[in-house]
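Summary of the model geometry
Listed below are the residues making up each chain.
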Amino acid sequence: MKRVLSLSVLVLSLTIVLGAPANPVLAEESIILGVPTSLGFLEGIEGLACVEMAAEEINKSGGVDVGGVKRPLKVVAIDARGAEPGVPVADVIRAHKKVILEDKADFVVFGSFRSECAIACMDVVGQHKKPMILGTAMSPGMEAKVKEDYDKYKYTFRTCLNAVYLVKYLGGTMAYLNKQFGFNKVYILNQDVAWARKTGDLMIQLVFEKAGWEVVGRETYPTGASDFSSSLMKARAGGAQVILPIFDMPQSGILVKQWNTMQIPAVMAGFISPLAGPGSWELFDKKIDGAMNCIFEIGNMPVPKVPKSVEFWNKYKERYGKPLEAGHSPAPAYEMVYVLKEAIERAGTIDGDAVVAEMEKTDRKGAMGRIRFNDGHQVVYGEDPEETALGCMFQWQD
């Protein structure tokens, strides 16, 4: 005890003699990015990796200029587990409170996996005035809350697409299938989570009913379900020409294997999370030929017409020694860190209100295309990378 005490006194004495500043660590005080997400899921794993990659790049370039002081970024992650079956929203809220109150996060990035949880956590970040940027949750309810009570919910933004934009991309695909092949009968299978249910509802209301399609059936599956054969038999019996899947759970890849094995005479076209990456071909025993899948945000797939999407995809592969597999979240996770950096530097402070005001002015060319927020703090998606962010559709072919 005496030895330790003596050393402490000696260090203190040297500090006084040398005239060190009152706060000697100010120039290196980290800006803490809290990442409460679902780390047992592909999107959560790769999303966090992209946040860390962006933070590493920024730190290597000198950090974030906050009013003339260069400060590094520090990423603190917690497994909020919100995407796992049966995990209550209250647990996810506690995870957000932990990163803010215990880990002292200045900002929440990537955020909750599920929309139900993300929307509930808007109250938490609003109470503490900590800006939060979402990268997975897709319910348009987020923007509605920002518009309805701006002062309370202005702290929440989203860089990934929402369910409305997904419907536009899927609707364009259905229009193509109708025009090229005359298809007009569809069977819908969706996961029993907010974004997937909403996407299915909107596809019926905004696409199929207006275009004269017949919805021959619809089935909703709980997260974790792994047998889809009964729905596939109903789709065949109903004469479906297209099967529209809407899933982000790992088990959903089994749907395509069953579709192939049962030789269902309908095109599989929608979104199945584990079917998005290049490893899927071998993972599912090459039994996904013909399946069409949506990549929610380019960058998760390199698109040569948008060079920054290729640059990002290659950087990830070089940094982690393997390609991206998730079709949703990685590129938005990476870009949100740069969006935040630029907003902080314009504001000259990490004060939540000041940073929110500058984030609203974001106009950045990135891995997803052009990144700008609408009045609901949602990045705008469309078809022209010079004007909007983009998603894309692709087809597996042998």
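Anything mentioned here points back to the structure above.
Please read these numbers as outputs of a predicted model, since none were measured by experiment. (Residues numbered from 1 in each chain as written. Predicted model: local features only at pLDDT ≥ 70, side-chain atom pairs only at ≥ 80, totals over all residues. Heavy atoms only, no water.)

1. Concerning helix α3 (residues 89-101)
- Its 13 residues place the ends of α3 18 Å apart at the C-alpha level, agreeing with the 18 Å of an ideal helix rising 1.5 Å per residue.
- The set of residues buried in α3 consists of V92, A95, H96, V99 and I100. In an axial view of α3, the angular spread of the buried residues amounts to 135°, which keeps them on one side of the axis.
- Packed against the buried residues of α3 are β1 (31-37), β4 (73-79), β5 (107-110), α4 (115-128) and β6 (132-134). (Helix = DSSP H or I, 4+ residues; strand = E, 2+ residues; numbered from the N terminus. Expected span 1.5 Å × (residues − 1). Buried < 20%, exposed > 50% of the residue type's maximum accessible area, 1.4 Å probe, protein only. Arc of directions from axis to C-beta. Contact = heavy atoms within 4.5 Å.)

2. Things to note about the pairing of β1
- With 7 of its 7 residues buried, β1 lies for the most part within the structure.
- Of the two faces of β1, the one holding I31, L33, V35 and T37 and the one holding I32, G34 and P36 are both buried throughout.
- Where β1 and β4 come together, 7 bridges link them in parallel fashion. By the bridge assignment, I31 is partnered in β4 with L73. (Pairing = 2+ DSSP bridges.)

3. So, the environment of R81
- Along the chain, R81 falls in the loop between β4 and α3.
- Sequence spacing of R81 and V64 is 17 residues, and the spatial spacing of their C-alpha atoms is 30 Å.
- Setting aside residues up to four positions removed in sequence, R81 forms contacts with T37, S38 and V87.

4. Notes on the sheet that holds β5
- Taken in spatial order, the 5 strands line up as β4-β1-β5-β6-β7 in an open sheet, and their pairing is parallel. At either margin of the open sheet sits one strand with a lone partner, and together these are β4 and β7 (156-158). Averaged over all adjacent pairs, the angle separating strand axes in this sheet is 25°, with direction ignored.
- Bridge count between β1 and β5: 2 bridges; the pairing is parallel. Its bridge partner lying in β5, G34 is registered against V108.
- Helix α5 (residues 141-148) rests against β6 and β7 of the sheet, and its axis sits at about 140° to β7. (Axes fitted to C-alpha atoms, helices over the stretch in contact; angles between N-to-C directions.)

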